[in-house]
Amino acid sequence: MHTILVVNAGSSSVKYQLIDPETEARLASGLVERIGEADGRLVHRSDDGRSEERSVHVPDHTSAFSAMVDAFERAGTPVMALGIQAVGHRVVQGGSVFIAPTRIDDAVAEQILDLGSLAPLHNPGQYQAIVAARQMLPEVPHVAVFDTAFHQSMPERAYSYAIDAEVAEHHGIRRYGFHGTSHQVVSRRAAEYLGRPLESLRQIVLHLGNGASMCAIDGGRSMDTSMGFTPLEGLVMGTRSGDIDPGALLHLLRAGYSADELDRLLNHESGLIGYTGSGDFRDVRAAAAGGDAAARLAIEVYVHRIRHYLGAYLVELGGADTVVFTAGVGENNAALRAEVCAGLEWFGIRIDPERNASSASGARRISSHDSRVEVLVVTTDEEAEIARQTRALVG
Ligand code: ADP
């Protein structure tokens, strides 16, 4: 059997999945976390449902990969017997350089490291994972799949910030967009579900997870997206503010906040958690139902921001054929979907309450039979898409 190993690394963790590219089935998965700390931990799940959790000594990414190899071994499937045909690496920031999945050689790895200046929290850890994985599995091709690549089709009017052009050029300040792999797989699956060619559809995808972004897609190409230079712009998220007047940041800087403090405020202490103390949408929903005013406001702002982008993308695309909800909140919270779509009949968007309330999994329609726009819920699967793109590249 041929398999693809998908690696999603952070600065202190490595998530991995072993995927059968024929069926997109997940054969095993795991997580090594707290790399570089005294109390490293590994969780490994096999396809038969068995899982193993243990403490591991993982001073760096190389040792994290050794821990993963050991875990496969202990589960009775040594890595050499897994039929790994290629390794697909998720890379957050591909800048303007990488517009498609790319086979990794030394030069590509160095470019990924260099792009760390744009994504200091992501690319350096992903680079380390790439180096370690290439050492561990030197015989197989390694492929980088970039969160930003799908959005490289955005027209300049959508990705350019109206600031001094030389400053923008010098520092690479433009909108890159993120979650591209998710927007891509979800829009393709939506077209498959409808049995219509991807090329014929204008789609608006709402990826609402801990991180959240929306994407306007015309014929399978990203035309605009709500995340920008970093994954901070756009929607209200679990712990991120989304859009805020940069003037407010200047004000806080002058009031004595340091850059690091602003970073923490906007990335970790804002969004849902900033209003309510929890970044988990379920908690916020429960608190709102119990009458908590801050939680109610959090949801109102969350929905308002989504509808702001929905309106913008309906105009940009000249209408839409599909509106697609995905990721943790989008797939699971019917009330949120109803709130987002309320009162949009004039735009051809009409939800069927019964269909919306169903919790069936996979792709499904939640719009009513007389809705001009097909409103869908589609499960995202970034790892399966990374495996698919990796295999497509290596053949
Ligand atoms: P990530 O961005 O980390 O991949 P997910 O896509 O898993 O995140 O989404 C996590 C979010 O989904 C959390 O806010 C969580 O509360 C929310 N979520 C998960 N299940 C449900 C549910 N049944 N109802 C409402 N929200 C849910």
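A short tour of the structure in this document, coming up. (Residues numbered from 1 in each chain as written. Predicted model: local features only at pLDDT ≥ 70, side-chain atom pairs only at ≥ 80, totals over all residues. Heavy atoms only, no water.)

This paragraph deals with the nonpolar core. Ile-204, Leu-208 and Phe-325 are the most contacted members of the largest nonpolar core, which has 56 residues in total. Sorting elements by how many residues they give to this core places helix 11 (residues 293-317) first, with 12 residues. Discounting residues that sit within four places of it in the chain, Leu-208 has contacts with Leu-235, Tyr-302, Ile-306, Phe-325, Thr-326, Ala-327, Gly-328, Val-329, Gly-330 and Leu-336. In this structure, Val-7, Val-14, Leu-82 and Val-140 belong to the second largest nonpolar core, which totals 29 residues. (Core = buried A, V, L, I, M, F, W, Y, C linked by side-chain atoms within 4.5 Å. Buried < 20%, exposed > 50% of the residue type's maximum accessible area, 1.4 Å probe, protein only. Helix = DSSP H or I, 4+ residues; strand = E, 2+ residues; numbered from the N terminus. Contact = heavy atoms within 4.5 Å.)

Along the polypeptide, Arg-307 turns up in helix 11. C-alpha separation for the pair Arg-307 and Ala-342, spaced 35 residues apart in sequence, amounts to 9.7 Å. With residues up to four places along the chain from it excluded, the contact list for Arg-307 reads Glu-339, Val-340, Cys-341, Ala-342 and Leu-344. In terms of polar contacts, Arg-307 uses its side chain to reach the backbone carbonyl oxygen of Ala-342, at 2.8 Å. (Polar contact = N/O pair within 3.5 Å; in protein donor to acceptor, adjacent residues only side chain to side chain.)

Turning our eyes to something else, we now look at the pattern of salt bridges. Scanning the entire structure with this criterion turns up 22 salt bridges. Among the charged side chains, a network of salt bridges with common partners joins Arg-188, Glu-192, Glu-385 and Arg-388. (Salt bridge = Lys/Arg side-chain N within 4 Å of Asp/Glu carboxyl O.)

So, about the sheet that holds strand 3 (residues 25-33). Strand order in this open sheet of eight strands is 5-4-3-2-1-6-8-7, and the pairing throughout is mixed. In this open sheet, the two edge strands, each paired with only one partner strand, are strand 5 (51-56) and strand 7 (102-103). Inspection of the sheet shows strand 7 paired to strand 8 (residues 142-146) by two bridges, in the antiparallel sense. Bridging from a neighbouring strand, Thr-102 pairs with Ala-144 of strand 8. Packing of helix 3 (residues 123-136) onto the sheet brings it into contact with strand 1 (3-9), strand 6 (84-91) and strand 8, and relative to strand 6 it is tilted by some 165°. The sheet strands contacting helix 15 (residues 382-394) are strand 1, strand 2 (13-20), strand 6, strand 7 and strand 8, and the helix crosses strand 6 at an angle near 120°. (Pairing = 2+ DSSP bridges. Axes fitted to C-alpha atoms, helices over the stretch in contact; angles between N-to-C directions.)

Of the residues making up helix 2 (residues 106-114), those classed as buried are Val-108, Ala-109 and Ile-112. Axial view of helix 2: buried residues confined to an arc of 100°, hence all on one face. Every exposed residue of helix 2 that faces more than 90 degrees away from the buried side is listed here: Asp-106 and Asp-114. The secondary structure elements touched by the buried residues of helix 2 are strand 6, strand 7, helix 3 and strand 8. The opening residue of helix 2, the one whose side-chain oxygen lies 3.1 Å from the backbone nitrogen of Ala-107, is Asp-105. (Arc of directions from axis to C-beta.)

In the neighbourhood of the ligand, the contacting residues comprise Gly-209, Asn-210, Gly-211, Gly-279, Asp-280, Phe-281, Arg-282, Ala-327, Gly-328, Val-329, Asn-332 and Asn-333. A distance of 2.3 Å is found between an oxygen atom of the ligand and a side-chain nitrogen or oxygen belonging to Asp-280. Arg-282 is positioned with one of its backbone polar atoms (N or O) 3.3 Å from an oxygen atom of the ligand. Coverage of the ligand by the protein amounts to 67% of the 580 Å² it exposes when considered alone. Going through the elements one at a time, helix 10 (281-289) and helix 12 (327-332) are the ones with two or more residues in the shell around the ligand. In terms of residue count, the dominant contributor to the shell around the ligand is helix 12 (four residues). (Near = heavy atom within 4 Å. Areas by Shrake-Rupley, 256 points an atom, 1.4 Å probe, with all protein chains shown as cover.)

As defined by bridge partners, strand 2 adjoins strand 3 across eight bridges and the pair is classed as antiparallel. The residue bridging Gln-17 from the neighbouring strand is Ser-29, located in strand 3. Taking the residues between adjacent antiparallel strands as the criterion, strand 2 and strand 3 are bridged by four residues, where Glu-24 takes a positive phi near 60°. Two elements, strand 3 and strand 4 (residues 40-46), share six bridges in a ladder whose sense is antiparallel.

Positive phi outside glycine occurs at Arg-34, with the angle close to 60°. The phi dihedral of His-179 falls on the positive side, at around 60°, and the residue is not glycine. By the secondary structure assignment, His-179 is in the loop between helix 5 (165-171) and helix 6 (180-194). Residue classification places His-179 among the buried positions, given a relative accessible area of 11%.

For the rest of this paragraph, the subject is helix 15. With 13 residues, helix 15 extends 18 Å from end C-alpha to end C-alpha; this agrees with the ideal 18 Å at 1.5 Å per step. When we look at burial in helix 15, the residues that qualify are Glu-383, Ala-384, Glu-385, Ile-386, Ala-387, Gln-389 and Thr-390. Contacts made by the buried residues of helix 15 are with strand 1, strand 2, strand 6, strand 8 and helix 6. Positive backbone phi, at 80°, marks Gly-395, one or two positions downstream of helix 15. (Expected span 1.5 Å × (residues − 1).)

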